[in-house]
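Take a look at the letters that make up each chain.
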Amino acid sequence: MTETEARIFIGSASEEEDQDAYELALFEFASYFTNRTIIWDTFQARRKKLKNFVDAAKIIGLEDEIELKNQIGPITFSRNIAEAVHQFNTLKSAVLLQIRNATSGTEMLYALDELLALFAAYSALWPSTLQNTEQILLSKEPDPMDFLQALKVNDEKGIQTFEELKTKVNESEELMVYESMRLYLSHLKIEAWKRSLRS
């Protein structure tokens, strides 16, 4: 990639506009990653655009090579649903803050990879709970307050682990069943994506 091609990629018409175009693009990437429901394929496509953006920025001197450290460490979730949800939300908030506060595309790319790893590990916890999945929209997260209420009701019913959720679907709150299936289907998409990389 030449400098001219790199400028076109970051949306800059000249060297004088490079920094402003770079900062605007970073803001747009951050807005996308922090304000949308994670849909694996679309986030991976946008991640590829971010990686190309970083490569272009390096060519015109807007990015330096930096060494970054994992901020969230190894991910081990509780088998208790309420605890796992709390762990996920706490870690996700920290990573989203990293993305918002990133001062370079490299930092943002690193934080995005942490977010995607976190989501992959979290979605793998949830069991299949429905035969008919036509009504499940991967992009439709439940209202957080409604979800916490359903989680509380399930907890009071003694449905506290992922294993209990799988075996007591008929007793579970409808929203919990829906969200479990939504995340399970997300997990299947992630696994299919990983397999496609290996083939």
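Attention in this report is confined to the structure presented alongside it. (Residues numbered from 1 in each chain as written. Predicted model: local features only at pLDDT ≥ 70, side-chain atom pairs only at ≥ 80, totals over all residues. Heavy atoms only, no water.)

**Digging into the packing of aromatic side chains**
(1) Moving on: Following the criterion strictly, the structure yields twelve aromatic pairs and no others.
(2) Moving on: A centroid spacing of 6.3 Å and a plane angle of 10° characterise the contact between F29 and F33, whose relative ring orientation is stacked. Here F29 and its partner F33 are both found in helix α2 (residues 18-35), four residues apart, which amounts to about one turn of the helix.
(3) Moving on: On the basis of relative accessible area, F33 is assigned to the buried category, the value being 1%.
(4) Moving on: Plain terms: the ring middles of W126 and F147 are 6.5 Å apart, the flat faces sit at 55° to each other, and that makes the pair tilted. Residue W126 is found in the loop between α5 (105-123) and α6 (144-156), and its partner F147 is found in helix α6; the two are separated by 21 residues along the sequence.
(5) Moving on: Its relative accessible area of 1% is what places W126 among the buried residues.
(6) Moving on: Through a chain of ring-to-ring contacts, three or more aromatic side chains come together here, namely Y22, F29, Y32, F33, F43 and F53. (Phe/Tyr/Trp six-rings, centres within 6.5 Å; stacked < 30°, edge-to-face > 60°. Helix = DSSP H or I, 4+ residues; strand = E, 2+ residues; numbered from the N terminus. Buried < 20%, exposed > 50% of the residue type's maximum accessible area, 1.4 Å probe, protein only.)

**Examining the pattern of salt bridges**
(1) Moving on: For the structure shown, the criterion picks out nine salt bridges.
(2) Moving on: Between R7 and D18 there is a salt bridge, with the nearest N and O atoms lying 2.9 Å from each other. Taken together, the positions of R7 in helix α1 (residues 3-10) and D18 in helix α2 put the pair eleven residues apart, joining distant regions of the chain.
(3) Moving on: In this structure, the salt-bridge partner of E173 is K157, at a minimum N-O distance of 3.0 Å. One end of the pair, E173, is in the loop between α7 (162-167) and α8 (174-198); the other, K157, is in the loop between α6 and α7, with 16 residues separating them in the sequence.
(4) Moving on: Residue K157 is classed as partly exposed on the basis of its relative accessible area of 39%.
(5) Moving on: Three or more residues joined by partner-sharing salt bridges are found here, namely E3, R7 and D18. (Salt bridge = Lys/Arg side-chain N within 4 Å of Asp/Glu carboxyl O.)

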